[in-house]
Amino acid sequence: MCLGIPGRVERRFEADGAPMGTVDFGGVRKDVCLAYVPELQVGDWTIVHVGFALTRLDEASAKETLAMMRSVGMLDSELGTA
Amino acid sequence: MRFVDEFRDSEKARALAAKIAGLCEPGRQYKLMEVCGGHTHTIYKHGLEDYLPEQITLVHGPGCPVCVIPMGRVDDAMALAAEPDVIMTSFGDMMRVPGSNGSFFDAKARGTDIRMVYSPLDSLKIARQNPDKRVVFMAIGFETTAPSTAMTVLRAAAEGLPNFAIFCNHVTIIPAIKAILDSPDLRLDGFIGPGHVSTVIGCRPYEFIARDYGKPVVVAGFEPLDILQSIYLLMLQLSRGQSIVENQYSRVVPWDGNPVALRAIGQTMELRPYFEWRGLGFISHSALKVRAEYARYDAEQLFSVPGVRVADPKACQCGEVLKGVLKPWECKVFGTACTPETPIGTCMVSPEGACAAYYSYGRLSRTRVKEASRT
Ligand code: SF4
């Protein structure tokens, strides 16, 4: 829950007046709420906790973290796809 | 040496390890606490303790959201879930946490309507689809998940959703750190600060640790090298007799956190006078409840919550583990009666729990450390 997963914003849209985004987590896609980091643009990387983007991060570090999380099997448990 | 193979960073890791060893004063023992369960997980998964000199001990902190939920709150949640027409929603991590009458999973198997959600917003969907039911979200976690609960309440209010509420169990990390600093059981030399909680609260809230307690704090990322580098920075401060707050994870953590998220938390929730933590007991101003303005979304106002205190099972030593006083394998039931499949205590439930991390990955280094401490 506190681990947070890096993902890349693929699309932005609005739902019920809130900024949302489809985020790609290394192949798994989820719609997440962007209200806390409204400046996020398509192509940006972010860290998502339980469906909410909380921060923006640079691409290189995002990819590294993602590779590490996949290798230790943390991705599924954080995404609830296990 | 697993992570070295994976990331081919053995050079960097060894270089850091050598620098860390070089900073140890002869004869001095160092105890560094990693506050966050995510760090505990990385440390055991990658065998990072193998890189550290014997003089440095890593102590696992209370930063695991489901680990610190006391049994009484689990029982309260069960009572809510058993109310007529209630659908309880919960994060997956919470589903296996044992209460005195089993876990959410057990209750679900007995026919109680408890559904797993990825995000609290999913609970709103369930509420819309089931207008004749009352949906209660089991809200847990530190400042990493509190913003999501806050936004969910704000959205429910904006929409005027009549059949949604939260059972608020959000806790805040700073009072827990303070309780540990004030506890006579444990003398720590420094803190590896929680990376993701800090994306929300920023680095300033840790300043009292450096200023009033004279202990260095380094907010750290979650990769093996992040943690080694943070240990190096802590050791550097200690060798200079310094105590400041540093941000090793600046690629993710802004010094001031996320003010928008903090505002949403403040708008919907306020501090409770006190809250019980598993193992740490009652800590004042350490948890959040729903503000009176949003009382119609507060399960504690809408339902009668038993609110009984339940003592942990006798065999359970989670409290000692959460305070860092005991190592997981020192608990009498570790790996025998208590395993991830049949957890007795909470620390065995979530991958962020110290016992689960040891059980899954740490058993090799456990023998090593055990042998080392015997000689
Ligand atoms: S082994 Fe089980 S009972 Fe013992 S401290 Fe760990 S989680 Fe708690």
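About the cut-offs
Residues numbered from 1 in each chain as written. Chains lettered and ligands numbered in written order. Predicted model: local features only at pLDDT ≥ 70, side-chain atom pairs only at ≥ 80, totals over all residues. Helix = DSSP H or I, 4+ residues; strand = E, 2+ residues; numbered from the N terminus. Rg over C-alpha atoms; globule rule 2.2 N^0.38 Å. Contact = placed C-beta atoms within 7 Å. Buried ≥ 20, exposed ≤ 12 C-beta atoms within 10 Å, placed from the backbone. Near = placed C-beta within 6 Å. Nonpolar A, V, L, I, M, F, W, Y, C, P; charged D, E, K, R; others polar. Pairing = 2+ DSSP bridges. Axes fitted to C-alpha atoms, helices over the stretch in contact; angles between N-to-C directions. Core = buried A, V, L, I, M, F, W, Y, C linked by C-beta atoms within 7 Å. Arc of directions from axis to C-beta. Right-handed = clockwise from strand over helix to strand, strands pointing away. pLDDT = per-residue confidence, 0-100.

Here the focus is the overall build of chain B. Looking only at helices and strands, chain B has 15 helices and 13 strands in total. The globule rule puts the C-alpha radius of gyration for 375 residues at 21 Å, and the 21 Å found for chain B is close to it. For chain B, the share of sequence-separated contacts (at least 6 apart) that also reach a separation of at least 24 residues comes to 76%.

On to the overall build of chain A, then. Within chain A one finds 2 helices and 5 strands. Shown N-terminal to C-terminal, the secondary structure of chain A runs as helices and strands in the order β-β-β-β-β-α-α. The buried share of chain A, taken over its 82 residues, is 45%. Residue pairs in contact within chain A that sit at least 24 positions apart in sequence constitute 36% of those at least 6 positions apart.

Turning next to the site of the ligand. Taken together, 14 residues are adjacent to the ligand, and B:Cys318, B:Cys331, B:Cys338, B:Gly345 and B:Cys355 come closest. Along the lines of polarity and charge, the residues of the shell around the ligand split into 12 nonpolar, 2 polar and no charged.

Below, the discussion takes up the sheet that holds strand E3 (residues 86-90) of chain B. Residues and elements named next belong to chain B. One open sheet holds the 4 strands; their spatial order is E4-E3-E5-E6, and the pairing between them is parallel. Because the sheet does not close on itself, it has two edges, and the strands there are strand E4 (114-116) and strand E6 (164-170). If you compare each strand with its neighbour and ignore which way they point, the axes differ by 25° on average. Note that strand E5 (residues 134-141) and E6 share 7 bridges and pair parallel. Bridge pairing in E6 links Met-138 to Phe-167. Set on the sheet, helix H6 (residues 121-129) makes contact with E3, E4, E5 and E6; between it and E5 the angle comes to about 175°.

All names here are of chain B. Ranked by size, the top nonpolar core spans 134 residues in total, and within it Ile-166 and Cys-347 carry the most contacts. Broken down by element, the residue count for this core peaks at 7 residues, all from helix H11 (residues 224-240). If sequence neighbours within four positions are ignored, Ile-166 has contacts with Phe-137, Ala-139, Thr-149, Val-153, Val-290, Tyr-297, Asp-298 and Ala-299.

Here the focus is the sheet that holds strand E8 (residues 217-219) of chain B. Residues and elements named next belong to chain B. Taking strand neighbours across the sheet as the criterion, the 5 strands line up as E2-E1-E7-E8-E9 in an open arrangement whose pairing is parallel. With partners counted over all chains shown, the strands left at the sheet margins are strand E2 (56-63) and strand E9 (245-247), one partner each. The mean inter-strand angle of the sheet, taken between neighbouring strand axes irrespective of direction, is 20°. Two strands pair when backbone bridges link them, and strand E1 (residues 30-36) and strand E7 (residues 190-193) are joined in this way by 3 bridges, in the parallel orientation. For Glu-34, the partnering residue across the bridge sits in E7 and is Ile-192. The strands touched by H11 are E1, E7, E8 and E9; relative to E7, the strand with the most contacts, the crossing angle is about 150°.

As a further point, take unusual backbone geometry. In this structure, A:Val50 takes a positive phi of about 35° despite not being glycine. For B:Asp85, which is not glycine, the phi dihedral falls at a positive 65°. For B:Asp85, the location among the structural elements is in the loop between helix H4 (71-81) and E3.

What follows covers the pairing of strand E3 (residues 28-33) of chain A. In the case of a regular strand, side chains alternate between the two sheet surfaces. Residues and elements named next belong to chain A. Sheet analysis places strand E2 (residues 18-25) next to E3, joined by 6 bridges and oriented antiparallel. By the bridge assignment for E3, Val-23 is matched with Lys-30. Remark: 2 residues form the turn of the hairpin made by E2 and E3, two consecutive strands paired antiparallel; Gly-26 in that turn has positive phi of roughly 50°.

Turning our eyes to something else, we now look at H6(B). Regarding H6(B), the residues found buried are B:Leu121, B:Ser123, B:Leu124 and B:Ala127. Buried residues of H6(B), viewed axially, fall in a sector of 145°; they line one side.

Moving on, we get to the pairing of E1(B). Residue and element names in this part refer to chain B. Where burial is concerned, most of E1 is hidden: 6 out of the 7 residues are buried. As paired strands, E1 and E2 are joined by 6 bridges and run parallel to one another. Considered in E2, the bridge of Lys-31 is made with Thr-57. Handedness of the crossover joining E1 and E2 through helix H3 (residues 37-45): right-handed.

Residue and element names in this part refer to chain B. Those residues of helix H8 (residues 173-182) lying buried are Ile-173, Ala-176, Ile-177 and Ile-180. Along H8, the residues classed as buried sweep out an arc of 100° about the axis, all on the same side. The inward-facing, buried residues of H8 abut E1, E2, helix H9 (195-201), helix H10 (207-212), strand E11 (274-277) and strand E12 (281-284).

Fine structural detail should not be taken from predicted coordinates in areas where pLDDT scores are low. Across chain A, pLDDT averages 78, with 67% of residues at or above 70. Model confidence for chain A, summarised as mean pLDDT per element, is weakest for helix H2 (residues 74-79) of chain A at 50 and strongest for E2(A) at 91.

Residues and elements named next belong to chain B. Its place among the elements puts Val-136 in strand E5. For Val-136, a count of 27 C-beta atoms within 10 Å translates into the label buried. Spatially, the C-alpha atom of Val-136 lies 34 Å from that of Gly-335, the residues being 199 residues apart in sequence. Discounting chain neighbours no more than four positions away, the residues touching Val-136 are Leu-80, Val-86, Met-88, Ala-165, Phe-167 and Ala-299.

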